[in-house]
Amino acid sequence: MGLLSLNSNTPPKDSIEYFKNAIQLNPKNVDAQYQLGKLYASIGKYKKAIIHFSNALNLNPHHPFIAFEKAIAFKNIGDDNMANHYYELACDINPDYREEQYAVLFKDEWVIPEGNLLKKIGIQERNTASSRSKYYDKRQYELPTPKKTLQSRIDKTVLITGATSGIGRATAEKFAEAGYRIIITGRRSERLDELSEIFTKKYNTPVRTLPFDVRNREFVMNLFDELEEEWRKVDILINNAGLALGLGPIHEGNLDEWETMIDTNLKGLLYMIRAVAPSMVRRTSGHIINVASIAGKEIYPNGNVYIATKHAVDALTRAARVDLSPFNIRISQVAPGHVESTEFAKVRFSGNTEKAKIYSDFNPITATDVADAIYYIATRAPHVNIQDLLIMGTQQANATTIHRTGRIFDAEH
Ligand code: NDP
Ligand code: 8X3
């Protein structure tokens, strides 16, 4: 069934079914995603339209028209900030959109363009007095009721992946304590809710929870659509979510565990950069801090695939720096050795508490020590980029040399 078999007289409902089927057969069909978005927009279902424009744009980020259509859809639901964001993107992709006839739609004081203007730019479906009123009748849409928000002491937003425990949680707390606005993420939404309550009460700073799995490519690529306007300018992205599963020789490796580690530690981190970096590039400001590991610098027996993912993070940190530094974006990395007060060992050994007792005979660093390092990286003067911080306990010399001579520093803590 080719897309061209539809003709202009097909009623929108039939066309919608047609393109839905096409997408079911092949979700990567850019044209079907785009056409379905346009159809939804033509009947005033702008939120659905946005979803399909987002899908289409993710599949073809350089498409000459989609970003503009998406901007118009956001305008229709009264989200000027996102409308302007996608209008700017549309202009970057296709500079023709800078022309006055398009630009007028995105001026702060938006004057309803007279009929022929919309017609001229191909949106004639809305070119009637009654449909034009949709631009303004926000009651038709379920717009989120603005919550009473707390004022942050530092006007910067930090998004931390994997904030439900360990290093991510400690880092979130560090930034909350300092008065930043924080977006905490992870799969366990109850944990996020609990932490949000604790941090808000304790530090009186705005906290936004956003539960998701970093492996969910579609969700991550549409991340900003999930967030209210005031949360969409991410100043600092901390890519921390990650895990090791198992510790054994490569010839006995568990393929599912390998894939989970690759999908989370490597692909999840990449999706996050791909989703957040473009807005940093547009603003020519931002900071991305990746949590790598000593396992990204050295190898140790039986660590194979986890080690490979962290070596990849190390390489990506350096490669992304080359691409993003021209846009005044800082890219840093922290590479810890063993870190206690995390769930890392419990997860690696599938909840086997005996095997997970790997910190009892020496003093490793703690999640708070790593959070301090991350905070240090993030708070240098704007002309300084800490590229890499390798950090280990005093009793750990490298990945494999650990002086397991007891918890000699416990008394000091
Ligand atoms: P934890 O297990 O305590 O924390 C891991 C965090 O990652 C959790 O918040 C978890 O949240 C989140 N996470 C895991 N999988 C996903 C996923 N698919 N989608 C979203 N979030 C996910 O361990 P750490 O704090 O130690 O780990 C944090 C980072 O530090 C990891 O990248 C790890 O590789 C790295 N690291 C750890 C070291 C250590 O010794 N502990 C040493 C060096 C580096 P949830 O389960 O709720 O999704
Ligand atoms: C976690 C530290 O040494 O277990 O990245 O790989 S190690």
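Just so it is clear, the structure is predicted and the values come from calculations on it, not from any experiment.

Enquirer: Which parts of the structure should I look at to understand the overall build of the protein?
Expert: Along the protein, the regular secondary structure elements total 16 helices and nine strands. A separation threshold of at least 6 residues defines the contact pool for the protein, and within that pool the share at least 24 residues apart is 66%. Only carbon and sulfur atoms are counted for the fraction: they give 52% of the accessible area of the protein, which is about 20,500 Å².

Enquirer: Explanation requested: the packing of aromatic side chains in the structure shown.
Expert: Inspection of the entire model under this criterion finds 13 aromatic pairs. The interplanar angle of 20° and the centroid separation of 5.1 Å between the aromatic rings of Phe212 and Phe219 together place this pair among those described as stacked. The exposure classification of Phe212 matches that of Phe219, with both residues buried. One aromatic cluster in this structure is built from Phe68, Tyr87, Tyr97 and Tyr102. Its end group placed over the ring of Tyr375, Lys174 keeps NZ or CZ at 5.2 Å from the ring centre. In this structure, Arg181 packs its charged tip against the face of Trp231, placed 4.4 Å from the ring centre.

Enquirer: Would you explain the site of ligand 2 in this entry?
Expert: Taken together, Ser293, Ile294, Ala295, Tyr300, Tyr306, His338, Phe344 and Arg348 make up the full set of residues near ligand 2. One of the side-chain nitrogen or oxygen atoms of Tyr300 is found 2.6 Å away from an oxygen atom of ligand 2. Here an oxygen atom of ligand 2 sits 2.5 Å away from a polar atom, N or O, in the side chain of Tyr306. Coverage of ligand 2 by the protein amounts to 92% of the 240 Å² it exposes when considered alone. Taken together, the residues of the shell around ligand 2 break down into five nonpolar, two polar and one charged.

Enquirer: When you look at the pattern of salt bridges in this model, what are you seeing that I'm missing?
Expert: Think of it this way: side chains of opposite charge can pair up when their charged atoms draw near. Across all of its chains, the model carries 20 salt bridges by this definition. Lys70 is the partner of Asp225 in a salt bridge, and the nearest nitrogen-oxygen pair spans 3.9 Å. One end of the pair, Asp225, is in helix H12 (residues 223-226); the other, Lys70, is in helix H4 (residues 66-76), with 155 residues separating them in the sequence. For Asp263, the salt bridge goes to Lys267, with nearest N and O atoms at 3.4 Å.

Enquirer: It is not clear to me how the site of ligand 1 should be interpreted in this structure. Could you clarify?
Expert: Among the 30 residues in the neighbourhood of ligand 1, the closest are listed as Thr164, Ser165, Arg187, Tyr306 and Glu343. Between ligand 1 and the protein, one listed contact pairs an oxygen atom with a backbone N or O atom of Asn240 at 2.8 Å. In this structure, Lys310 approaches ligand 1 through a side-chain N or O atom, which is 2.9 Å from an oxygen atom. Coverage of ligand 1 by the protein chains reaches 96% of its 880 Å² of free accessible surface.

Enquirer: Honestly, the nonpolar core in this entry has me stumped. Any pointers?
Expert: When a protein is soluble and globular, its nonpolar side chains tend to lie buried together. Of all hydrophobic cores here, the largest spans 66 residues; its most connected members are Phe68, Tyr87, Met272 and Val276. When residues in this core are grouped by element, the largest group, eight residues, is from helix H13 (residues 255-283). Here this core spans two domains, since at least three of its residues come from each of domain 1 (3-139) and domain 2 (153-412). When residues no more than four places from it in sequence are discounted, the contact partners of Met272 are Leu159, Thr161, Phe212, Val214, Val220, Leu223, Leu237, Asn239 and Ala277. Membership of the second largest hydrophobic core comes to 32 residues, among which are Phe175, Val339, Ile365 and Ala373.

Enquirer: Could you clarify how one ought to interpret the side chain of Ser196 in this entry?
Expert: Following the sequence through the fold, Ser196 ends up in helix H10 (residues 189-203). On the basis of relative accessible area, Ser196 is assigned to the buried category, the value being 15%. For Ser196, the contacting residues outside a window of four places in its chain are Ile184, Val207 and Thr209.

The rules we used
Residues numbered from 1 in each chain as written. Chains lettered and ligands numbered in written order. Predicted model: local features only at pLDDT ≥ 70, side-chain atom pairs only at ≥ 80, totals over all residues. Heavy atoms only, no water. Helix = DSSP H or I, 4+ residues; strand = E, 2+ residues; numbered from the N terminus. Contact = heavy atoms within 4.5 Å. Areas by Shrake-Rupley, 256 points an atom, 1.4 Å probe, with all protein chains shown as cover. Phe/Tyr/Trp six-rings, centres within 6.5 Å; stacked < 30°, edge-to-face > 60°. Buried < 20%, exposed > 50% of the residue type's maximum accessible area, 1.4 Å probe, protein only. Lys NZ or Arg CZ within 6 Å of the ring centre and 35° of its normal. Near = heavy atom within 4 Å. Polar contact = N/O pair within 3.5 Å; in protein donor to acceptor, adjacent residues only side chain to side chain. Nonpolar A, V, L, I, M, F, W, Y, C, P; charged D, E, K, R; others polar. Salt bridge = Lys/Arg side-chain N within 4 Å of Asp/Glu carboxyl O. Core = buried A, V, L, I, M, F, W, Y, C linked by side-chain atoms within 4.5 Å. Domains from an automatic or database assignment.

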